Structure formats: structure tokens, C-alpha cells
Amino acid sequence: MIRVDNTPRDYAWGSAHDIAALRGLPESGGPEAELWLGTHPGSPTRIVDAPAGSPQTIAELLSERGEQPLPYLLKLLAAAHPLSIQAHPSPEQARAGFARENAAGIALDAPHRNYRDDAHKPELIVALSPRFEALCGFRPLAATLKQLELVALANDASEGTSVAIREFMSQLRDHGDDAIAWALQWLLGSGEATDLVTEVSRGGTALDDELLTELATDYPGDPGIVVAMFLNRVHLHRGQALYLPAGNMHAYVRGFGVELMAASDNVLRGGLTTKHVDVDELLSVVEPTVLPVPLLEPEQPAEGVSIFRPDVPDFVLAYIQPHVQAPTADYALPLSRHAIAVCTGGSVTLSGTQSEMTLNQGQMCFVDAGETSVRASGSGDIFIAF
């Protein structure tokens, strides 16, 4: 086992205090949005106190051994403001898109590039904060129409106009089963949604709709404000998880969580962003049908152990609370590959077949697959990704 650490990413939507508080460090004075744990070249995880001349990151360590990078990326994610609305491709879509853009000679770092690698990017997030808010999956059209009507009535009551809202509602009804696909294309690609966005923003504020008001403040004039009205609003409690497979349109709104994903950069954006939005490619990836909220229920092989195992081979996330286990509990988590662990509360000792390490809140470690299994003991909570 090897102690590891990293520097948080300072994206503007990040929280100023959540990650620092977990790590027991002073606040930086700016946003700290994500702390990455893995081998992704965008922010490789450092080996703590690595001797000079030895590998300084997990990526270098595995490369020196002749091993492949980790197939997953573990993150601490702290959102104080909404992230962009987005969706991710399937493995087949990612391979085809990456090859197509390579053949077209589009540089990997070009702002308008959609596919920066040939992999999919399914992801799950487990809430650490008492409440984690997200948008995900298209809700029934009737719910969107009802909300649009309430916004229109609020506009009317405040002596504002609702002409564009009511015309949009009429178009949605006329398009029937194709309404969601039509709305995405029109909102993001037509350039004609300015009046609608203005009316929705004004009506949302008049209605005292917290989310619409926040979106209008953070992303004035962005058509994603209306796109958000087509998505389920989700509120996770601590320990609950969302799993977002290919094609599920989503955006995290607010909260602190542990996120685990395939190690890919492939993101198709659909609003609430200043970055490139490729409407046609987005629509080729998104499944524009009503979906249930994708809560992921864990396996619970022992008291105080939750295993989040999605339907992809790229990653598994274990959440272990040894302090709630029976005194006689001796659960061993089997490891099928290298793992990364992060202690999110108290103190936890990880014991493998070859070594052991104690982590305090905010500390992390790399666990070699040669340990074959690990046991957790102590007074805290720990997440283990593998």
C-alpha cells in the first residue's frame, strides 16, 4: 500500500470549503471542484514522499512495471454551482467518433473536438453531503409542460409576456413522441430560443423556483435553462448513489460526493456551458426517451459494507463503515485489480495479505492488486475503488 495525494482542480463551479474541510487543510481562497485519484494524464495522482529518482505518480509506477493505466478515475467532487448538462457515448460510439475526428485531422486539444479518446465514460456518484442535487434522465413530458405552465402563469401575474412559452408548449404537444428530440434540436441548434429563455428565466424568478433562478443567474441567456426543465430533479441523501450510463443526459447541481467513472474525457454538452456544443453529435448519443431516476442500489455482503457494482466492467466502488460492523465481523473485500482508497471520516486501518496502512480523514492510498483482498477496521468510513 502506498500513500497518495493530489491537488484539487479549481473549476469555477467548485466549493470553496468542502474538499479542504475533508482533508483538514486551510481553504485555498478559491474554488476546489474535483480531486482526481488515478492515472489520468490530466491530473496524475502523486505518490506521497516518493524518493528522488523513483516513480512520482501512480501512472509512472505502473508504466515502469509495464502495466496499463487504471481503467477508472476516482474523484472527490464538490459543487457549489451547477455543472454543464452533458451526456457520454457508448463504447461503440466513442471508438467511431474518435476514429472519425482523427481522420478529419482535428487536434486532440481542439476546443471543438468531441472525442478525446476511444473510450466510454459511464459514471456513478455517492453523496457525502447530507443532500446532493442533480438533474438526470428525461422525465415525462407532462411534468415539463406543467412546470412551463406554472412559469407562464407567474410571468402573467407579474405583467410579463409568456408568448414564447405558450408557443413552445404548443410545439411540444404537436411533436408527440418526438417532442424531446425536437426540443433539444430547437433549443440548442436553431438560434431561435432567446425569447423563450428570457421568459422562462423571468418566470422562474417570479415563481421563486430556486433552480431556475440559480441557472438564470449563473448562465444568463443559456438555452440549457430550458433543457433542465426536461430532466428529473434528484435529491440524494448521504450514502445514496446515482449511476449514469451512456446516453443519460445529466448535470450535477450542488453537493459533495465521491465520483467514480471510466477514465475517459468524452463529454457531449447540452447547455449551461461556454464550451463547444455539437448538437448533432449530442443527439446521436442521447436517448431522448423518458427514463426513471437511475438510483444504484448497493450489494450489502456484510453489515456496514455497501458495494456499488454497475453494469460495466470498468469499476466497482465499495463503501465500508467498520464502526457500524459487529465486533466479530471480519469481512474481506476481494480485489480483482489495483485499488484506490480514500478515508472520508475518522480513522480506518486497511489490512491486506502483504501489508497494512492506517488512513485518517482526508488521506488516500493505492492498494496493489497483489494484496488480493483487504479488511477495514477502525472508527471511520472509507471508499475503495477498483
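In short, a report on the structure.

Cut-offs and rules
- Residues numbered from 1 in each chain as written.
- Predicted model: local features only at pLDDT ≥ 70, side-chain atom pairs only at ≥ 80, totals over all residues.
- Heavy atoms only, no water.
- Helix = DSSP H or I, 4+ residues; strand = E, 2+ residues; numbered from the N terminus.
- Rg over C-alpha atoms; globule rule 2.2 N^0.38 Å.
- Buried < 20%, exposed > 50% of the residue type's maximum accessible area, 1.4 Å probe, protein only.
- Contact = heavy atoms within 4.5 Å.
- Lys, Arg positive; Asp, Glu negative; His and termini not counted.
- Charge placed at Lys NZ, Arg CZ, Asp CG, Glu CD.
- Pairing = 2+ DSSP bridges.
- Axes fitted to C-alpha atoms, helices over the stretch in contact; angles between N-to-C directions.
- Salt bridge = Lys/Arg side-chain N within 4 Å of Asp/Glu carboxyl O.
- Parallel < 35°, antiparallel > 145°, perpendicular 65-115°, else oblique.
- Left-handed = near helix turned anticlockwise from the far one by under 90°.
- Nonpolar A, V, L, I, M, F, W, Y, C, P; charged D, E, K, R; others polar.
- Phe/Tyr/Trp six-rings, centres within 6.5 Å; stacked < 30°, edge-to-face > 60°.
- Core = buried A, V, L, I, M, F, W, Y, C linked by side-chain atoms within 4.5 Å.
- Patch = residues over 30% accessible without salt bridge, like charges linked within 9 Å, V, L, I, M, F, W, Y side chains within 5 Å.
- Areas by Shrake-Rupley, 256 points an atom, 1.4 Å probe, with all protein chains shown as cover.

1. Quick notes on the overall build of the protein
Working step 1: Scanning the protein from N- to C-terminus turns up 10 helices and 21 strands.
Working step 2: Taking 386 residues into account, the globule formula puts the C-alpha radius of gyration at 21 Å, and the protein, at 22 Å, falls close to it.
Working step 3: For the C-alpha atoms alone, the extent of the protein along its principal axes is close to 70 × 50 × 40 Å.
Working step 4: Per-residue burial over the protein gives 53% buried out of 386 residues.
Working step 5: In the protein, once contacts between residues fewer than 6 apart in sequence are set aside, the share between residues at least 24 apart is 74%.
Working step 6: Placing the 25 positive and 49 negative side-chain charges of the protein at their respective mean positions leaves the two points 2 Å apart.

2. Concerning the sheet that holds strand S1 (residues 2-5)
Working step 1: The strand order across the open sheet built from eight strands is S3-S1-S19-S16-S21-S14-S13-S12, with neighbouring strands paired in antiparallel fashion. Each edge of the sheet is formed by a strand with only one pairing partner; in this case those strands are strand S3 (46-47) and strand S12 (299-302).
Working step 2: Where S1 lies against S3, two bridges are found, and the strand directions are antiparallel. Residue Asp5 lies in a different strand from S3, and its bridge partner there is Arg46.
Working step 3: Packed onto the sheet, helix H2 (residues 58-65) meets S1, S3, strand S16 (339-345) and strand S19 (364-367) and runs at close to 10° relative to S19.

3. Digging into the pattern of salt bridges
Working step 1: This model, assessed by the stated rule, comprises 16 salt bridges.
Working step 2: The salt bridge involving Glu133 is made with Arg254; its shortest N-O contact spans 3.0 Å. Residue Glu133 is found in strand S7 (residues 131-138), and its partner Arg254 is found in strand S10 (residues 250-262); the two are separated by 121 residues along the sequence.
Working step 3: According to the relative accessible area criterion, Glu133 is buried, its value standing at 16%.

4. Remarks on the sheet that holds strand S20 (residues 373-378)
Working step 1: Read from one edge of the open sheet, four strands run S15-S20-S17-S18, paired in antiparallel fashion. Edge positions in the sheet fall to strand S15 (333-334) and strand S18 (356-360), since each has one partner strand and no second.
Working step 2: By the bridge criterion, four bridges tie strand S17 (residues 347-351) to S20 in an arrangement that is antiparallel. In the sheet register, Val348 faces S20, and the bridge partner there is Gly378.

5. Quick word on the pairing of strand S9 (residues 241-244)
Working step 1: With burial as the criterion, each face of S9 is covered, one bearing Ala241 and Tyr243 and the other bearing Leu242 and Leu244.
Working step 2: Strand direction decides the pairing type here: strand S6 (residues 123-127) and S9, joined by four bridges, are antiparallel. Within S9, the residue paired with Leu124 across the bridge is Tyr243.

6. Overview of the packing of helix H5 (residues 163-175) against helix H7 (residues 194-206)
Working step 1: Following both chains from N to C, one finds H5 and H7 inclined at 110°, their axes separated by 8 Å at the closest point. Between H5 and H7, the angle is such that the two are roughly perpendicular. Seen along the crossing, H5 lies across H7 with a hand that is left-handed. From H5, Val163, Ala164, Ile165 and Phe168 reach across to H7, where they touch Asp195, Leu196, Glu199 and Val200.
Working step 2: The class makeup of the residues in the contact of H5 with H7 is six nonpolar, no polar and two charged.

7. Regarding the packing of aromatic side chains
Working step 1: The full count for this structure, using the stated rule, is seven aromatic pairs.
Working step 2: Where Tyr319 meets Phe383, the ring centres are 4.3 Å apart and the plane angle is 5°; that geometry is what we call stacked. Of this pair, Tyr319 sits in strand S14 (residues 317-320) while Phe383 sits in strand S21 (residues 381-385), placing them 64 residues apart in sequence.
Working step 3: Here Tyr319 falls in the buried class, since its relative accessible area comes to 6%.

8. Side note on the packing of helix H4 (residues 141-157) against H5
When two helices pack together, their arrangement is given by the angle between the helix axes and the distance between those axes.
Working step 1: Close contact between H4 and H5 brings their axes to 10 Å; oriented N to C, the two are set at 165°. Here H4 is positioned roughly antiparallel relative to H5, judged by the angle of their axes. Seen from above, H4 lies across H5 with left-handed handedness. Side by side, H4 and H5 meet where Leu141, Leu145, Leu148, Glu149, Val151, Ala152, Leu153, Asn155 and Asp156 of the first sit next to Ile165, Arg166, Phe168, Met169, Leu172 and Arg173 of the second.
Working step 2: Its residues assigned to classes, the contact of H4 with H5 comprises 10 nonpolar, one polar and four charged.

9. A short note on the nonpolar core
Working step 1: Judged by nonpolar contacts, the single largest core of 47 residues is most densely connected at Phe168, Leu172, Leu187, Val200, Phe230 and Met249.
Working step 2: The element contributing the most residues to this core is helix H6 (residues 179-189), with seven residues.
Working step 3: Not counting chain neighbours up to four residues away, the residues in contact with Leu172 comprise Leu141, Leu145, Leu148, Ala179, Trp182, Ala183 and Phe230.
Working step 4: Counting 35 residues, the second largest nonpolar core, distinct from the first, contains Leu37, Leu61, Ala78 and Leu317.

10. Looking at the environment of Ala134
Working step 1: Within the element layout of this structure, Ala134 appears in strand S7.
Working step 2: With 101 residues separating them along the chain, Ala134 and Ala33 place their C-alpha atoms 15 Å apart.
Working step 3: Those residues in contact with Ala134, other than ones at most four positions away along the chain, are Asn232, Arg233, Val234, Leu242, Ala251, Tyr252 and Val253.

11. Remarks on a nonpolar patch on the surface
Working step 1: Taken together, Leu150, Leu153 and Leu207 make up a surface patch of nonpolar side chains, about 240 Å² in accessible area.
Working step 2: Mapped onto the elements, Leu153 comes out in helix H4.
Working step 3: You can call Leu153 partly exposed: its relative accessible area is 43%.

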